[in-house]
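Each chain, letter by letter, is given below.
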Amino acid sequence: MTKHRIYSMSVASVYPHYIAKAEKKGRTKAEVDEIIRWLTGYSQTGLEGELAKGTTFEDFFAAAPKLNPARELITGVICGIRVETIEEPLMRELRYLDKLIDELARGKAMEKILRN
């Protein structure tokens, strides 16, 4: 089976789109960063370093300091697929991130997005 092309894309190439989506709805870059840090366990410095290095999504999630166990509480549909039914682990992590950014852009409160 061939790898999905998103796996070899750099996080830095998609990151501005996350920011733009959030800012278009009145949210901030800081909130996007908070979501990414919550999901992956990266510090702000670590996140910025990975973006600067052009790390691929595959390597970004593989090197994540501590994937948040509460991420499994993320449910719903993204790109027409239920997140909780995605079997391929890396694709599930990517869709978790997509779903969280989508919730941010839809105006959901941060404490709900971060499953507190």
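Structure: see above.
On a predicted model such as this, the values are computed, not experimentally measured, just so you know.

Definitions and limits used
- Residues numbered from 1 in each chain as written.
- Predicted model: local features only at pLDDT ≥ 70, side-chain atom pairs only at ≥ 80, totals over all residues.
- Heavy atoms only, no water.
- Phe/Tyr/Trp six-rings, centres within 6.5 Å; stacked < 30°, edge-to-face > 60°.
- Helix = DSSP H or I, 4+ residues; strand = E, 2+ residues; numbered from the N terminus.
- Buried < 20%, exposed > 50% of the residue type's maximum accessible area, 1.4 Å probe, protein only.
- Salt bridge = Lys/Arg side-chain N within 4 Å of Asp/Glu carboxyl O.
- Expected span 1.5 Å × (residues − 1).
- Polar contact = N/O pair within 3.5 Å; in protein donor to acceptor, adjacent residues only side chain to side chain.

**Student:** What am I meant to see in the packing of aromatic side chains here?
**Tutor:** In this description, a pair of aromatic rings is defined by centroid distance and the angle of the planes. Summed over all chains, the structure comprises 2 aromatic pairs. For the ring pair Tyr-42 and Phe-60, a centre distance of 4.6 Å and an interplane angle of 20° mean the geometry is stacked. Taken together, the residues Tyr-42 in the loop between helix 2 (29-40) and helix 3 (44-53) and Phe-60 in helix 4 (residues 57-62) connect sequence positions 18 residues apart. For Tyr-42, a relative accessible area of 7% puts it in the buried group. For Phe-60, a relative accessible area of 1% gives the class buried. Ring geometry for Phe-60 and Phe-61: centres 5.5 Å apart, planes at 85°, overall edge-to-face.

**Student:** I keep staring at the pattern of salt bridges and nothing clicks. Help me out?
**Tutor:** It is possible for side chains bearing opposite charge to pair when their charged atoms get close. Taken as a whole and assessed by the stated rule, the structure comprises 11 salt bridges. For Asp-98, the salt bridge goes to Arg-95, with nearest N and O atoms at 2.8 Å. Here the residue Asp-98 and the residue Arg-95 both occupy positions in helix 5 (residues 89-105), the gap between them amounting to 3 residues, near one helical turn. For the residue pair Asp-98 and Arg-95, the accessibility class agrees, reading buried in each case. Here Arg-115 and Glu-103 are joined by a salt bridge, their closest N and O atoms 2.8 Å apart. With Arg-115 in the segment after helix 6 (110-113) and Glu-103 in helix 5, the pair connects residues that are 12 residues apart, well separated along the chain. Glu-103 shares its class with Arg-115; the two are buried. Linked by salt bridges that have partners in common, Lys-21, Asp-102 and Arg-106 make up one network.

**Student:** Sorry if this is basic, but what is going on with helix 5 here?
**Tutor:** Because each turn of an α-helix spans 3.6 residues, side chains separated by three or four positions in sequence point in the same direction. With 17 residues, helix 5 extends 25 Å from end C-alpha to end C-alpha; this agrees with the ideal 24 Å at 1.5 Å per step. Counting buried positions along helix 5 yields 15 of 17 residues, so the element is predominantly enclosed. With a side-chain oxygen lying 3.2 Å from the backbone nitrogen of Leu-90, the N-terminal cap of helix 5 falls on Glu-88. Backbone geometry just downstream of helix 5 places Gly-107 in the positive-phi region, at approximately 90°.

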